[in-house]
Amino acid sequence: MQRYSCPCCGYYTYNVPIEDACGYICPVCFWENDVFILASNEKSDCNHGITLEQARKNYNEYGACEKEMLIYVRRPKQDEIEEK
């Protein structure tokens, strides 16, 4: 099965291409895939109005797209770390 990387954390948690994963929430960073944003600096209604750029910074700092979402995330599984 092919995997696709999360646009926020970069781990391969998606089972379908990003453009087909409307509303999918990554279990590693808790970013909800928003197929309606056109740029990483555009605010995402699906993600409390934060941008993908901010979510990436938050993930690098806190381990989740937003600090408040830490209770919902998990560490990446081994098969999610590298593209197969």
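Residues numbered from 1 in each chain as written. Predicted model: local features only at pLDDT ≥ 70, side-chain atom pairs only at ≥ 80, totals over all residues. Heavy atoms only, no water.

Participant: With reference to specific residues and values, describe the overall build of the protein chain.
Facilitator: Counting secondary structure elements, the protein chain contains two helices and zero strands. Taken over the C-alpha trace, the protein chain has a radius of gyration of 12 Å; the compact-globule value for 84 residues is 12 Å, and the two agree within 12%. Principal-axis analysis of the C-alpha atoms gives the protein chain an extent of 30 × 25 × 15 Å. Looking at the protein chain as a whole, 33% of its 84 residues are labelled buried. Partitioning the intrachain contacts of the protein chain with sequence separation of at least 6 by distance along the chain shows that 30% fall at a separation of at least 24. Of the roughly 5,400 Å² that the protein chain leaves accessible, carbon and sulfur atoms contribute 48%. The average position of the 9 basic charges and that of the 14 acidic charges among the side chains of the protein chain differ by 7 Å. (Helix = DSSP H or I, 4+ residues; strand = E, 2+ residues; numbered from the N terminus. Rg over C-alpha atoms; globule rule 2.2 N^0.38 Å. Buried < 20%, exposed > 50% of the residue type's maximum accessible area, 1.4 Å probe, protein only. Contact = heavy atoms within 4.5 Å. Areas by Shrake-Rupley, 256 points an atom, 1.4 Å probe, with all protein chains shown as cover. Lys, Arg positive; Asp, Glu negative; His and termini not counted. Charge placed at Lys NZ, Arg CZ, Asp CG, Glu CD.)

Participant: Lay out helix α1 (residues 52-62) in plain terms, naming residues and giving numbers.
Facilitator: Here α1 has its buried residues at Leu 52, Ala 55, Asn 58 and Tyr 59. Here the buried residues of α1 occupy an arc of 115 degrees about the axis, which is enough to place them on one side. Residues of α1 that are exposed and point over 90 degrees away from its buried face: Lys 57, Asn 60 and Glu 61. Looking one or two residues beyond α1, the residue adopting positive phi is Gly 63, at roughly 95 degrees. (Arc of directions from axis to C-beta.)

Participant: Please give an account of the packing of aromatic side chains that cites residues and values.
Facilitator: Taken as a whole and assessed by the stated rule, the structure comprises two aromatic pairs. Centroid distance Phe 30 to Tyr 72: 4.8 Å. Interplanar angle 20 degrees. Geometry classified as stacked. With Phe 30 in the segment before α1 and Tyr 72 in the loop between α1 and α2 (78-81), this pair connects stretches of sequence that are 42 residues apart. (Phe/Tyr/Trp six-rings, centres within 6.5 Å; stacked < 30°, edge-to-face > 60°.)

Participant: Give me the side chain of Glu 80: which residues, what numbers.
Facilitator: Relative to the assigned elements, Glu 80 resides in helix α2. Judged by relative accessible area, Glu 80 falls into the buried class, the value being 4%. There is a polar contact of 2.9 Å between the side chain of Glu 80 and the side chain of Arg 74. Engagement of the side chain of Glu 80 in a polar contact is seen with the backbone nitrogen of Lys 77, the distance being 2.8 Å. (Polar contact = N/O pair within 3.5 Å; in protein donor to acceptor, adjacent residues only side chain to side chain.)

Participant: Lay out the environment of Met 69 with the relevant residues and their values.
Facilitator: Considering the arrangement of structural elements, one finds Met 69 in the loop between α1 and α2. In this structure Met 69 comes out as buried when scored by relative accessible area, which is 12%. Through-space distance from the C-alpha of Met 69 to that of Trp 31 is 9.2 Å; in sequence the pair is 38 residues apart. The contacts of Met 69, once residues within four sequence positions are left out, are Phe 30, His 48 and Ala 64.

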